[in-house]
Amino acid sequence: MKMKLTGIQVFWMITSMDLGMTLVMTLTPSLLAAKQDAWISIVAAGCIALLVTWLVTQAAHLYPGQTLIEYSQTILGTWLGKAVVVIYLVQWYTIIPIVLRQFSDLVQIMLLQGTPIEAVMLLMVLLIVYAAYGGIEGIGRCSEFLGPIILLMICLVLIASLNNIHWKNILPVYADSEIKGILSGALAPASYLGHSVEYLMFASFMNKPRKGAPYAFGAAMTATFFVLITTMMIIFVIGVNLSPSMWYPFFEMTKKISLFGFIDNFDAIPVVIWIASVFIKLSVYLFIACYGTAQFLRVRNWRVMLWFIAPVIFVFALIPQNVTEATGHYLNRYWVPFVLPVNMIGLPLLLLIVGKWRQQNRSTPV
Amino acid sequence: MTRALMACRCLIILVFLGLMTGCWDRKEMDDLALVMASGLDITDDGQLEITLQIALPTGIPSAVQAGGSGKKSVIVISAKGSNASEATGRLQQQLSRVIYFGHRGVIVIGEECARHGLNQVLDTYTRLPESRYNGYVVTAYGSTAKEILNEPYQLELIPGIGINKIQSSKVSFAVKMDEFLNALSSQGRSPVTAAIRIIHQGTDRETFSIDRAAVYQGNKLSGFLAPAELKLLRWWMGGTQQMRFTLQLEPEDEQYKGTIGVELMQSGKKIHTSVRNEIPEVWVNFHAAVRVIDNDTSLDFSRSNNMRLLETELSKQIQTEIQSMLAHVQKKLKSDIFGIGEEIHIEHPYVWKKIRNKWTDIYPVVPVTADVNIKIKRMGKTQAPAHLRKTD
């Protein structure tokens, strides 16, 4: 029973994973570091994301048909390969509870203040277990449907915000923040736009494994483009005096929309963007974590893993005390300093170099 | 086996449905006290007093009966406390419904409270998730916010909506919550709001009017602008709908008053700054195309030399008015409501880095030159006044 993904599905999967999360979660650190030049940071972040995409597509195409768990051991040998897999497993096992927590925090802060956080989480966990149980193919089709909706909603917010624009907010360009500020502002969005790293796992499920690279690139570029436009819009509309102190500036921007005096309160739209994006992200990660663990531990039926992992992530998600810990600490202490350089750039590069070298050695006749 | 699976699925769907209703946060309309406007005051002993104007759903008649007096459509309640949350808590204890800020369109700041400074109070308002940035901020002129919110207003059932509508019409000077906060948190700009005052005091026609502006320095109120100055401030901020000027072109005699009335059509403003020895210099150019709407002089404006005369005289008069307003705001109120600091920030970012921390001290001595350029575009339907003096 082999699951198949089409290129378009991979495109929408990566796009929607990148978009919603980056828009809602990472713009505050960027605005804080680079002020009105945050959009330059996003451009830099996009370049990093494209580099990550290039590395992972190249690495994944070395052994088409194998998943990360398999080919990392083929390339690096059993023990080193296993070590690499463990590093990725740590990433997957920690990102799921954190995203789950961030999702429930936002829902609680902005919308449902009276609802216990466990109820919000439980709903999402049940939903993603259901999606992941169906396998990557179901998730792929789901994102094929939800992805365009996410894009459409973002466009709607951007167009509706047009009459709130103050052009001067973006000036002066570059003079205030030095290159250091701009680059440090690029790290957080880059680490979220770099979700094409999951392509390492997707590649083996594709119906044409070697043809996936353009879709992954397309997804990274689309996501970067929309994040860029939205960041500029936030600067134009809210300005940089207030936005760095907000948890969710994208949300606040939609709250300001007021059209013709009677179309108000667009806050429902970011909720759609956000929930759709989080749902896809969580179910993709849950699937990857289950499938990867099963392969790693040589469990025949990967679906069994769901029943162990789902309760674990639910409990883990309850650990952070408040929004500061869930949103700030994980991002600043683990995701940006460790995952970005190691999981997204270092390890794919290692796999790529060693893999190329091995294949060359093998192809040259002895 | 299949039956167990089916049962399992049904169970999951049921759980989903149960959770998705969002029961914990359901808000029924008749459980909410919809706040239409709120006011902040400071009492003599330094406590904060919050006033809420709450819509009374049963008091609002249907469209057919609207306009008929009788039942009150709002209640106004106040409570004191050491901070906003304490005062709101006390208000809640008087109410059988939950206070809901989602519909608040106006925040009135009492004059005393504004002079005292209002950082902490505003934080409470922005932290509340349901409070929106679309509400207007107005400052009370010569009264407390409590008095303003207790004023009757004939045209709307809810006075708070009246204030909101006056503000959102382009004719008035209006500042929204987020613009106010933005100016408050910016180094190169001081906040300014519209000022509301009670008119016809003591008579049965007592109500409110918004015809002034309240100028802040930092988070403290430093003074008010007169109605004529408010007009020029609106021009500076970029809204000149229905803005009219009257000019005394000729001395008054027994036949003519000698005045000309014009209305602005297209208008604009350009700022240019330069810096010498860390002291900035500012030039502002106001330009507008106007149409003549009344002419009570003996002049015939189909003649080009008369038109030229009107243009120069009008420019000169407005220029004087602007200069005196600038001097008032800059020298006396010492408040950068025009965002001159921001202009320097944009045009000379590296100089700004050096002077921004001293900006409040530098600003009052920065030379600002205004230059006005008026062009007459339309004359109206008639060439000359119908009662033109026969000279021969």
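Residues numbered from 1 in each chain as written. Chains lettered and ligands numbered in written order. Predicted model: local features only at pLDDT ≥ 70, side-chain atom pairs only at ≥ 80, totals over all residues. Heavy atoms only, no water.

1. A closer look at the overall build of chain A
So the rule is basically this: Starting at the N terminus, helices and strands are each numbered in turn, a helix being any DSSP run of H or I of at least four residues and a strand any DSSP run of E of at least two. Atoms counted for the radius of gyration: C-alpha only. Globule rule: 2.2 Å times the number of residues to the power 0.38. Residue burial is assigned from relative accessible area. The probe radius is 1.4 Å, only protein chains are included, and a residue is buried under 20% of its type maximum, exposed over 50%, and partly exposed in between. Areas reported here follow the Shrake-Rupley algorithm with a probe of radius 1.4 Å; residue values treat only the protein chains shown as occluding.
When you go through chain A residue by residue, the secondary structure sums to 13 helices and two strands. A compact globule built from 366 residues should have a C-alpha radius of gyration of about 21 Å, and chain A, at 20 Å, falls within 12% of that. Taken along the three principal axes of its C-alpha coordinates, chain A extends 75 × 45 × 35 Å. Counting over 366 residues, chain A shows a buried share of 61%. Split by element, the accessible area of chain A, about 14100 Å² in all, is 70% carbon and sulfur.

2. Focus on the packing of aromatic side chains
Applied cut-off: For this analysis, a ring pair means two rings from Phe, Tyr or Trp (six-membered ring only for Trp) whose centres lie within 6.5 Å, classed as stacked if their planes differ by under 30 degrees, edge-to-face if by over 60, and tilted for the remaining angles. The criterion is that NZ of a Lys, or CZ of an Arg, lies within 6 Å of the ring centre and within 35 degrees of the ring normal, and then a charge sits over that ring.
A complete count under the given rule lists 17 aromatic pairs over all chains for this structure. Centre to centre, the rings of Trp167 of chain A and Phe236 of chain A are 4.8 Å apart; their planes meet at 70°, and the pair counts as edge-to-face. Linking Trp167 of chain A in the loop between helix H6 (136–160) and helix H7 (179–193) with Phe236 of chain A in helix H9 (residues 213–238), this pair joins segments that are 69 residues apart in sequence. Trp167 of chain A gets classed as exposed once you look at its relative accessible area, which sits at 59%. Judged by centre distance (5.3 Å) and plane angle (75°), the ring pair of Trp235 of chain B and Phe286 of chain B falls under edge-to-face. One end of the pair, Trp235 of chain B, is in helix H8 (residues 227–237); the other, Phe286 of chain B, is in strand S12 (residues 279–295), and 51 residues separate them in sequence. For the residue pair Trp235 of chain B and Phe286 of chain B, the accessibility class agrees, reading buried in each case. Among the aromatic side chains, those forming a connected cluster through ring pairs are Trp235, Trp236, Phe245, Phe286 and Phe338 of chain B. If you follow Lys82 of chain A out to its NZ or CZ, it ends over the ring of Phe296 of chain A, 5.9 Å from the centre. For Lys231 of chain B, the ring lying beneath its charged end belongs to Phe245 of chain B, and the centroid distance is 4.4 Å.

3. Description of the packing of helix H11 (residues 268–296) of chain A against helix H12 (residues 303–317) of chain A
Residue and element names in this part refer to chain A. As a reminder of what qualifies: Convention adopted: a line fitted to C-alpha atoms gives each axis, helices being fitted over their contacting stretch, and angles between N-to-C directions are expressed from 0 to 180 degrees. Put simply, angles under 35 degrees are roughly parallel, angles over 145 are roughly antiparallel, angles from 65 to 115 are roughly perpendicular, and the rest are oblique. When the near helix sits turned anticlockwise from the far one by under a right angle, the crossing is termed left-handed; a clockwise turn instead gives a right-handed crossing. Note on definitions: a residue-residue contact is assigned when non-hydrogen atoms from the two residues lie within 4.5 Å. In this classification, the charged set is Asp, Glu, Lys and Arg, the nonpolar set is Ala, Val, Leu, Ile, Met, Phe, Trp, Tyr, Cys and Pro, and all remaining amino acids, among them Gly, are polar.
Where H11 meets H12, the axes come as close as 10 Å, and the angle between the chain directions of the two elements is 130°. By the criterion of interaxial angle, the relationship of H11 to H12 is oblique. In terms of crossing hand, the pair formed by H11 and H12 is right-handed. Note on element contacts: H12 touches H11 through Met305, Leu306, Ile309 and Ile313, opposite Leu286, Ala289, Cys290, Thr293 and Ala294. For the contact of H11 with H12, the class distribution of residues is eight nonpolar, one polar and no charged.

4. Describing the pairing of strand S7 (residues 192–199) of chain B
All names here are of chain B. Using the following cut-off: Only when DSSP finds a minimum of two bridges between them are two strands counted as paired.
Across the eight residues that make up S7, a large majority, seven, are buried. Direction of pairing for S7 relative to strand S8 (residues 207–217): antiparallel, over a ladder of eight bridges. Opposite Ile198, over in S8, you have Phe208 as the bridge partner.

5. Some remarks on a nonpolar patch on the surface
Quick reminder of the rule: Note on patches: the residues involved have over 30% relative accessible area and no salt bridge, like charges join within 9 Å, and the nonpolar side chains Val, Leu, Ile, Met, Phe, Trp and Tyr join within 5 Å. Any carboxyl oxygen of Asp or Glu that lies within 4 Å of a side-chain nitrogen of Lys or Arg is treated as forming a salt bridge with it.
A surface patch of nonpolar side chains, amounting to about 570 Å² of accessible area, comprises Leu171, Val173, Tyr174, Ile179 and Leu183 of chain A together with Tyr350 of chain B. For Val173 of chain A, the position within the fold is in the loop between H6 and H7.

6. Side note on the sheet that holds S12 of chain B
All names here are of chain B. Across the sheet, which stays open at both edges, the four strands sit in the order S10-S11-S12-S13 with mixed pairing between neighbours. Edge positions in the open sheet fall to strand S10 (244–248) and strand S13 (368–378), since each of these has one partner strand only. Recorded for the sheet is a direction-independent mean angle of 40° between the axes of neighbouring strands. Alignment of S12 against S13, held across 10 bridges, turns out to be parallel.

7. Some details on unusual backbone geometry
For Arg298 of chain A, which is not a glycine, the phi torsion comes out positive at approximately 55°. Summarising the element assignment, Arg298 of chain A is placed in the loop between H11 and H12. With a relative accessible area of 67%, Arg298 of chain A lands in the exposed category. Unlike most non-glycine residues, Lys334 of chain B shows phi in positive territory, near 55°. By the element assignment, Lys334 of chain B lies in the loop between helix H9 (304–333) and helix H10 (340–347).

8. Describing the side chain of Ser41 of chain A
Residue and element names in this part refer to chain A. When you line up the elements, Ser41 lands in helix H2 (residues 38–60). Ser41 gets classed as buried once you look at its relative accessible area, which sits at 0%. The contact partners of Ser41, leaving out residues within four places of it in the chain, are Ser30, Ala34, Ile182, Gly185 and Ala186.

9. Let's talk about the pairing of strand S6 (residues 136–140) of chain B
All names here are of chain B. Among the five residues of S6, five are classified as buried, and the element is accordingly described as predominantly covered. The alternating pattern of S6 places Tyr136, Val138 and Ala140 and Val137 and Thr139 on opposite faces, both of which are buried. Across three bridges, S6 lies against S7 in parallel orientation. Across the sheet, the residue bridging to Thr139 is Ala195, located in S7.

10. A short note on the confidence of the model for chain B
Residue and element names in this part refer to chain B. Under the convention used in this document: pLDDT is defined as a per-residue confidence score from the predictor, taking values between 0 and 100.
When pLDDT is averaged along chain B, the result is 81; 88% of the residues meet or exceed 70. Ranking the helices and strands of chain B by mean pLDDT puts S6 first, with 89, and helix H4 (residues 119–127) last, with 68. Overall fold confidence (pTM) sits at 0.82, and the ipTM for the predicted complex is 0.76.

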